[in-house]
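Commentary on secondary and tertiary structure
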Amino acid sequence: MLAQLLKYSDKSFITLTNNLCDVGRGCSIESVHKLRLTIKKLHTLLGIFNYKEEIPAIKKSIKVIDRIFILSGLIRDNQVQIGLLKKYRNRIGEAIDFTIISLMNDNKKYKETIRLKIKRINPFDLVLLNQRIDNRIEALNDSSIYSILQEKADELFDQMNLIIRNNPDEKALHRIRIMLKELIYTLSIIKKGKGKSKLEKSALTYLEYLQQVLGDWHDLKVLLDRVNCIKV
């Protein structure tokens, strides 16, 4: 389990560095999507150990990465919305062209901002953060790592069940989607370590399907909210 988690940590940081470079060069739909997935996995890793950084320079880089995550979300939402609007243009007509142009203009601003943010990240800080997290992992043994991961997975699962029992509204559904992703990432680490979680493989597959369904719903909701707030 120790070896698998160290590999997961190192791979996350290598992928993060590559994804930041890719987005800095072009902000394609694929590169933005990959960057967001990598940052989410990194957040999951930090959350598992309740990791708090104390070195000012590294803390600053983490804050920049968090800001990049928010900006990449805005870019990603706009890219998806533009795709959906173009898909339905034949049915709706030219009336949506103004919305498409508005989204494209916003994306230009977001892309320029995210490039500037990426330039502010010191690669050495990421290497040092990677090493500090690895040191934290190496201080544990297989049994304790598995217990931490399983406890985190159980906590997320219980929290989602509680939200679902209380008839979740739209805001709660989005929260469930975020928690589902974190749960899936946590369970994937357990699976790589050949640990036994309370969820069977079929259940994990269903969780991934459910997360995708909620993702599709959220894309349409964000689009509807955007269309309603745009004044022609």
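Residues numbered from 1 in each chain as written. Predicted model: local features only at pLDDT ≥ 70, side-chain atom pairs only at ≥ 80, totals over all residues. Heavy atoms only, no water.

1. Some words on the packing of aromatic side chains
- Within the structure shown, the criterion is met by 1 aromatic pair.
- Taken together, a centroid distance of 6.2 Å and an interplanar angle of 40° make the contact between Tyr 206 and Tyr 209 tilted. In this pair, Tyr 206 and Tyr 209 are both assigned in helix 9 (residues 201–229), 3 residues apart and thus about one turn of the helix distant. (Phe/Tyr/Trp six-rings, centres within 6.5 Å; stacked < 30°, edge-to-face > 60°. Helix = DSSP H or I, 4+ residues; strand = E, 2+ residues; numbered from the N terminus.)

2. Digging into the packing of helix 1 (residues 2–25) against helix 2 (residues 29–48)
- Across the interface, helix 1 lies against helix 2 with an axial gap of 9 Å and an inter-helix angle of 145°. Both helix 1 and helix 2 take part in a crossing whose hand is left-handed. Only Ser 31, Val 32, Lys 34, Leu 35, Thr 38, Ile 39, Lys 41, Leu 42 and Leu 45 of helix 2 make contact with helix 1, whose side of the interface consists of Leu 5, Tyr 8, Ser 9, Ser 12, Phe 13, Thr 15, Leu 16, Asn 19, Leu 20, Asp 22 and Val 23.
- In terms of residue class, the contact of helix 1 with helix 2 is made up of 11 nonpolar, 6 polar and 3 charged. (Axes fitted to C-alpha atoms, helices over the stretch in contact; angles between N-to-C directions. Left-handed = near helix turned anticlockwise from the far one by under 90°. Contact = heavy atoms within 4.5 Å. Nonpolar A, V, L, I, M, F, W, Y, C, P; charged D, E, K, R; others polar.)

3. Brief notes about the environment of Leu 223
- Tracing the backbone through its elements, the reader meets Leu 223 in helix 9.
- Distance in space between the C-alpha atoms of Leu 223 and Asp 77 is 8.1 Å, their sequence separation being 146 residues.
- Not counting the four nearest positions on each side in its chain, Leu 223 is found in contact with Gln 81, Leu 84 and Leu 85.

4. Quick look at the nonpolar core
- In terms of nonpolar packing, the biggest core is built from 50 residues, with Leu 16, Leu 20, Ile 68 and Ile 133 touching the most fellow members.
- Among the secondary structure elements, those contributing two or more residues to this core are helix 1, helix 2, helix 3 (56–87), helix 5 (97–119), helix 6 (123–138), helix 7 (142–165), helix 8 (170–192) and helix 9.
- Element by element, the count of residues in this core is highest for helix 8, at 9 residues.
- In this structure Leu 20 touches Leu 35, Ile 68, Ile 118, Ile 121 and Leu 126, once residues within four positions along its chain are discounted.
- Core analysis: the second largest hydrophobic core is formed by 7 residues, Leu 84, Ile 100, Leu 103 and Leu 223 among them. (Core = buried A, V, L, I, M, F, W, Y, C linked by side-chain atoms within 4.5 Å. Buried < 20%, exposed > 50% of the residue type's maximum accessible area, 1.4 Å probe, protein only.)

5. Describing the confidence of the model for the protein
- Mean pLDDT over the protein works out to 87, with 94% of the residues at or above the 70 mark.
- The spread of mean pLDDT over the elements of the protein runs between helix 4 (residues 89–92), the lowest at 76, and helix 6, the highest at 92. (pLDDT = per-residue confidence, 0-100.)

6. A short note on the packing of helix 1 against helix 6
- Taken N-terminus to C-terminus, the directions of helix 1 and helix 6 make an angle of 170°; their axes are 10 Å apart at the nearest point. Taken together, the axes of helix 1 and helix 6 lie roughly antiparallel to each other. Relative to helix 6, the crossing made by helix 1 is right-handed. Contacts between helix 1 and helix 6 involve Leu 2, Leu 5, Leu 6, Ser 9, Asp 10, Phe 13, Leu 16, Thr 17 and Leu 20 from the former and Leu 126, Leu 129, Asn 130, Ile 133, Asp 134, Ile 137 and Glu 138 from the latter. (Parallel < 35°, antiparallel > 145°, perpendicular 65-115°, else oblique.)

7. Observations concerning the pattern of salt bridges
- Applying the stated criterion across every chain, the model contains 8 salt bridges.
- A salt bridge links Glu 30 to Lys 34; the nearest nitrogen and oxygen atoms lie 3.0 Å apart. Separated by 4 residues within a single helix, Glu 30 and Lys 34 lie in helix 2, roughly one turn from each other.
- By relative accessible area, which is 51% here, Glu 30 ends up exposed.
- Exposure remark for Lys 34: the relative accessible area of 40% places this residue in the partly exposed category. (Salt bridge = Lys/Arg side-chain N within 4 Å of Asp/Glu carboxyl O.)

8. Details of the state of the cysteines
- Here the structure, examined in full by the defined rule, presents 0 disulfides.
- Here Cys 21 is not cross-linked by a disulfide; its sulfur's nearest cysteine counterpart is in Cys 27, at 13 Å.
- Under the relative-accessibility criterion, Cys 21 is labelled partly exposed at 40%. (Disulfide = S-S within 2.5 Å.)

9. A few points about the environment of Lys 7
- Residue position: Lys 7 is located in helix 1.
- We classify Lys 7 as exposed; its relative accessible area is 64%.
- With 87 residues separating them in the primary sequence, Lys 7 and Glu 94 have C-alpha atoms 51 Å apart.

10. Comments concerning unusual backbone geometry
- Positioned with a positive phi, Cys 27 is a non-glycine residue whose angle comes to about 55°.
- Mapped onto the elements of the fold, Cys 27 is located in the loop between helix 1 and helix 2.
- A residue is classified by how much of its surface remains accessible, and Cys 27, at 2% relative accessible area, is buried.

11. Looking at the side chain of Asn 78
- Tracing the sequence through the fold places Asn 78 in helix 3.
- A distance of 3.3 Å separates a polar atom in the side chain of Asn 78 from a polar atom in the side chain of Asn 107.
- Beyond its immediate sequence surroundings of up to four residues, Asn 78 is in contact with Leu 103, Asp 106, Asn 107, Tyr 110 and Arg 226. (Polar contact = N/O pair within 3.5 Å; in protein donor to acceptor, adjacent residues only side chain to side chain.)

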